[in-house]
There are 2 protein chains.
Amino acid sequence: MQFKKVLDEVKIYEAGKPIELVVREYGVDVKDIIKLASNENPYGTSPKVTAKIQELAKNMFMYPDDSMFELKDALAKKFDMESSNIIIGSGSDQILEFAIHAKCDENSKLLMSKTTFAMYEIYGKQTGATIIKTEDDQHNLEQFRKLYKENGADIIFLCLPNNPLGECLDTKEVYKFLEEVSPETLVIVDGAYQEFAAFKDENKKIDAKDIISKFPNVIYLGTFSKAYALGGMRVGYGLANKEIIKNLYKLRPPFNITTLSLAAAIEALKDEDFVSETIKRNFEEMKRYEDYAKTRGFSYIPSYTNFITLKFDDKYISAEVAQSLLKRGIIIRDLTSYGVNAIRITIGRKEQNTRVFEVLDEVLESLN
Amino acid sequence: MQFKKVLDEVKIYEAGKPIELVVREYGVDVKDIIKLASNENPYGTSPKVTAKIQELAKNMFMYPDDSMFELKDALAKKFDMESSNIIIGSGSDQILEFAIHAKCDENSKLLMSKTTFAMYEIYGKQTGATIIKTEDDQHNLEQFRKLYKENGADIIFLCLPNNPLGECLDTKEVYKFLEEVSPETLVIVDGAYQEFAAFKDENKKIDAKDIISKFPNVIYLGTFSKAYALGGMRVGYGLANKEIIKNLYKLRPPFNITTLSLAAAIEALKDEDFVSETIKRNFEEMKRYEDYAKTRGFSYIPSYTNFITLKFDDKYISAEVAQSLLKRGIIIRDLTSYGVNAIRITIGRKEQNTRVFEVLDEVLESLN
């Protein structure tokens, strides 16, 4: 049977190995497995949110409130904007999907950093759009400028801070760049890890209200999957001017958020102390990874997120390191498929990180 | 900002009124509200499933197993097929979205019954495809044949049984029709309410394995939202030959099902007794609606689902009946927007239905 031609170019997304698979494949005891591959919040979901969901579990038979009145209201207060500036998605992923599908076809161009969130390209290819990438792995605004001047773009992606590398542009530089972008180009500012960047360095902080007010062609994306510890519940949001939101709404399927996910997100916004506390601990633990890398003599990218990218240059092969860790029950992300000889490790809890250092010592020793 | 031209024709989906809104607008006490508008399972989620989710609620921070190994395995066993014949969606809605978007553009044609599930048309319009509908409200295969001969179609939709009217074609007739359809036309057999039809009448039962084996251009859709009482958790599935599944997978976003939804669906499949029991009760209670309609002297469509459509002909105006019920705290679905002077009522629990009859008596009296 014939499907749309553009799909010929689309590869099927391969997810990371779930814990169950590692247990099955390598016979590692499930208790010994440490998964630091998906940038989940290693401190788990806030106990208050968990308690709320236990109380509401009996409501699973009921469709969610599709107007999402309460969650939008809470976000509107948090960001000091109107509900009409907000769209909720099944993760901020789904807002990416709406935006790319609402704007692009085979004649469109997407401009992004060479090594950035994989879904920008995947959703882009679903529409047949041309993908244009900078030469540098990390965000380089001079290269964005040059490519934009040469090719134009229907959408520009800025991942602030960037996944999977961890770097973050200064907000001042971003604003300068945005002034040079045509109002017809949609700029997606992906703030999935913004809570971490804003905590570490004021200069990296994006004020969502300010940026979408000054630049009506910007949509800001946020998520409950990282700092808010609800990766499994699939809730993200887009903040933009009403015109953009209205157009993205045309692609939103009804009931795109589950009944329990809506309740969990609303509850998570009430427990900001939990979020601050886990962010603080994240950077205390990250310091240990930096020290470890320095001691071991390989480089890392200073990170504004809840993960760190360790670069092996020509010392080790990242795929081998990742595979050796996996056999010992430690799941991290190898970045070979991104064209980088590096691994990305989610910053875990203290005892998890201690174990990672021990096993990494073993692995690097064995690969020497 | 310019978005894709086809979106100009797309209307934003308006969801039914949530209970909270009725409380706010009409000042009805939340305890007195009866919502029989969305064909949820009125007996609630199986207590076994609820207990499982309470136990797993603490896992909300973790991304789901994106391979969905366990759920696919359970479905494969239930339907006696391979995991590679299965795709899981955020409700069977999302499988519709994948199928329509994978196959259609502005040059495509979609053939469907005049009054059927609204999302067929909405997803169709997102691609710019032409919508072709039969003249009769209820599925009429002669009209499908005629229109297919005249226009062809990229996708044909058969809703078996049909939402929102409740009627169901005989499987024998469906098979005869399928033999006349080109292998290049995708036929979507929407079995969202099949569990109910199969219970009521053997002649309406679709054997998913048999139909996709005999007709490689058929995809069968099922859902956990209705008989399995998980409407709020957004889990549905498509069953088809591997080639179709592979193509739909290209549009599947990663992690399209929440961690708790996956667990709930797996658990729900273990409690088939709960499902059978609620289906049995559904038809006992439906009998009371049929008797009520007969006594009151208006007609209804014999239903193979968990809802019943009451037709008012020129006796009452359905919008007025629905509005009067709403003011008294009873939420049902007015079918005016479908071009039918009728209301659709989900078959509730015994005491809910008794109350509906009382209030409906009052309302009809007042409208006489």
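Procedures and definitions
- Residues numbered from 1 in each chain as written.
- Chains lettered and ligands numbered in written order.
- Predicted model: local features only at pLDDT ≥ 70, side-chain atom pairs only at ≥ 80, totals over all residues.
- Heavy atoms only, no water.
- Least-squares fit on C-alpha atoms with pLDDT ≥ 70 in both.
- Contact = heavy atoms within 4.5 Å.
- Domains from an automatic or database assignment.
- Buried area = accessible area lost by both parts, 1.4 Å probe.
- Salt bridge = Lys/Arg side-chain N within 4 Å of Asp/Glu carboxyl O.
- Polar contact = N/O pair within 3.5 Å; in protein donor to acceptor, adjacent residues only side chain to side chain.
- Helix = DSSP H or I, 4+ residues; strand = E, 2+ residues; numbered from the N terminus.
- Core = buried A, V, L, I, M, F, W, Y, C linked by side-chain atoms within 4.5 Å.
- Buried < 20%, exposed > 50% of the residue type's maximum accessible area, 1.4 Å probe, protein only.
- UniProt positions renumbered as here; feature names shortened; annotations may be inferred.
- Pairing = 2+ DSSP bridges.
- Axes fitted to C-alpha atoms, helices over the stretch in contact; angles between N-to-C directions.

Novice: I'm lost on the relation of the copies chain B and chain A in this one. Help?
Specialist: Comparison of the two chain copies shows a relationship of rotation about an axis with a shift along it. Screw-axis analysis of chain B against chain A gives a translation of 0.0 Å along the axis, an RMSD of 0.0 Å, and a rotation angle of 180°. With respect to symmetry, the two chain copies, as superposed, fit the operation of a two-fold axis. Closest to the rotation axis within chain B is the C-alpha of Gln 54 of chain B, separated from it by 2.3 Å. Both copies contact each other with a shared surface, as 100% of the interface residues of chain B are interface residues in chain A too.

Novice: How do you make sense of the domain arrangement of chain A when you look at a structure like this?
Specialist: Note on interface size: it is often stated as the accessible area lost on association of the parts. Residues and elements named next belong to chain A. By the assigned domains, chain A splits into domain 1 (5-45 + 273-367) and domain 2 (47-271). Placing the centre of domain 1 and that of domain 2 at their C-alpha centroids yields a distance of 24 Å. Listed by partner, the interface residues are 30 residues for domain 1 and 38 residues for domain 2. When the two sides are added together, the surface that domain 1 and domain 2 hide from each other amounts to roughly 2,900 Å², 67% of it contributed by carbon and sulfur. A per-residue breakdown of the area domain 1 buries against domain 2 is headed by Thr 45, Tyr 304 and Tyr 338, which together make up 26% of the total. On the surface where domain 1 and domain 2 come into contact, there are zero salt bridges. Our count for the contact surface shared by domain 1 and domain 2 stands at twelve residue pairs in polar contact (both at pLDDT 80 or more). Mapped onto the side of domain 1 that touches domain 2, the elements with two or more residues apiece are helix H12 (272-296) and strand E10 (307-311). With nine residues, the single largest contributor to the side of domain 1 that touches domain 2 is H12.

Novice: Could you clarify how one ought to interpret the nonpolar core in this entry?
Specialist: Counting 188 residues, the largest nonpolar core has Leu 71, Ile 156 and Phe 224 of chain A together with Leu 71, Ile 156 and Phe 224 of chain B as its most contacted members. With near-sequence residues (within four places) excluded, Phe 224 of chain B lies in contact with Leu 71, Leu 75, Ala 229, Leu 230, Gly 231, Val 235, Tyr 237, Ala 265, Ala 268 and Leu 269 of chain B. Membership of the second largest hydrophobic core comes to 31 residues, among which are Ile 188, Ile 219 and Tyr 249 of chain A together with Leu 7 of chain B.

Novice: Explain the side chain of Thr 171 of chain A to me, please; I cannot follow it from the model alone.
Specialist: Residue and element names in this part refer to chain A. Positionally, Thr 171 belongs in helix H7 (residues 171-178). Relative accessible area serves as the criterion here: at 12%, Thr 171 is assigned to the buried category. In terms of polar contacts, Thr 171 uses its side chain to reach the backbone carbonyl oxygen of Lys 205, at 2.8 Å. Beyond its immediate chain neighbours, meaning those up to four positions away, Thr 171 contacts Asn 203, Lys 204, Lys 205 and Ile 206.

Novice: Whenever I open this one, the UniProt feature "modified residue: N6-(pyridoxal phosphate)lysine" (unreviewed entry) in chain A confuses me. Can you help?
Specialist: Those residues carrying the UniProt feature "modified residue: N6-(pyridoxal phosphate)lysine" (unreviewed entry) are Lys 226 of chain A in this numbering. Tracing the backbone through its elements, the reader meets Lys 226 of chain A in the loop between strand E7 (218-223) and strand E8 (236-239). If we skip the residues at most four places from it in the chain, Lys 226 of chain A touches Ser 38, Asn 39, Asn 41, Ala 192, Tyr 193 and Phe 196 of chain A together with Tyr 63 of chain B.

Novice: Any chance you could explain the environment of Ala 240 of chain B here in plain terms?
Specialist: Residues and elements named next belong to chain B. Inspection of the secondary structure puts Ala 240 in the loop between strand E8 (236-239) and helix H10 (242-249). Separated by 31 residues in sequence, Ala 240 and Lys 209 place their C-alpha atoms 8.5 Å apart. Apart from the residues within four sequence positions on either side, Ala 240 is in contact with Asn 85, Ile 212, Val 218, Ile 219 and Ile 245.

Novice: Would you mind showing me how to read the sheet that holds strand E7 (residues 218-223) of chain B here?
Specialist: In a beta sheet, neighbouring strands pair by backbone hydrogen bonds and run either parallel or antiparallel. Residues and elements named next belong to chain B. One open sheet accounts for seven strands, arranged E2-E8-E7-E6-E5-E3-E4; its pairing is mixed. Bordering the open sheet on either side are strand E2 (86-89) and strand E4 (130-133), each of which pairs with just one other strand. For this sheet, the mean angle separating the axes of adjacent strands, direction not counted, is 20°. Across the face of the sheet, H10 comes into contact with E2, strand E6 (186-190), E7 and E8 while running at roughly 35° to E2.

Novice: Any chance you could explain the environment of Glu 173 of chain A here in plain terms?
Specialist: Turning to its location among the elements, Glu 173 of chain A is positioned in helix H7. Separated by 31 residues in the primary sequence, Glu 173 of chain A and Lys 204 of chain A place their C-alpha atoms 9.8 Å from one another.

Novice: Help me understand the interface of chain B and chain A, please; the structure alone is not making it clear to me.
Specialist: In this complex, chain B contributes 71 residues to the contact, which on the side of chain A involves 71 residues. Of the roughly 6,200 Å² buried between chain B and chain A, counting both surfaces, carbon and sulfur atoms make up 63%. Contact with chain A buries surface across chain B, with Met 1, Met 60 and Tyr 63 of chain B losing the most and accounting together for 13% of the total. Linking chain B to chain A there are zero salt bridges. Taken together, the connections running from chain B to chain A amount to 29 residue pairs in polar contact (both at pLDDT 80 or more).

Novice: So what exactly am I meant to see when it comes to the pattern of salt bridges here?
Specialist: For side chains of opposite charge, pairing can occur when their charged atoms come near one another. Throughout the structure, instances matching the rule amount to 54 salt bridges over all chains. Note that Lys 35 of chain A and Glu 40 of chain A form a salt bridge whose closest N and O atoms lie 3.2 Å from each other. One salt bridge in this structure joins Lys 214 of chain B and Asp 210 of chain B, with 3.0 Å as the shortest N-O distance. Note that Lys 214 of chain B and Asp 210 of chain B are positioned in helix H9 (residues 208-214) at a spacing of four residues, about one turn of the helix.

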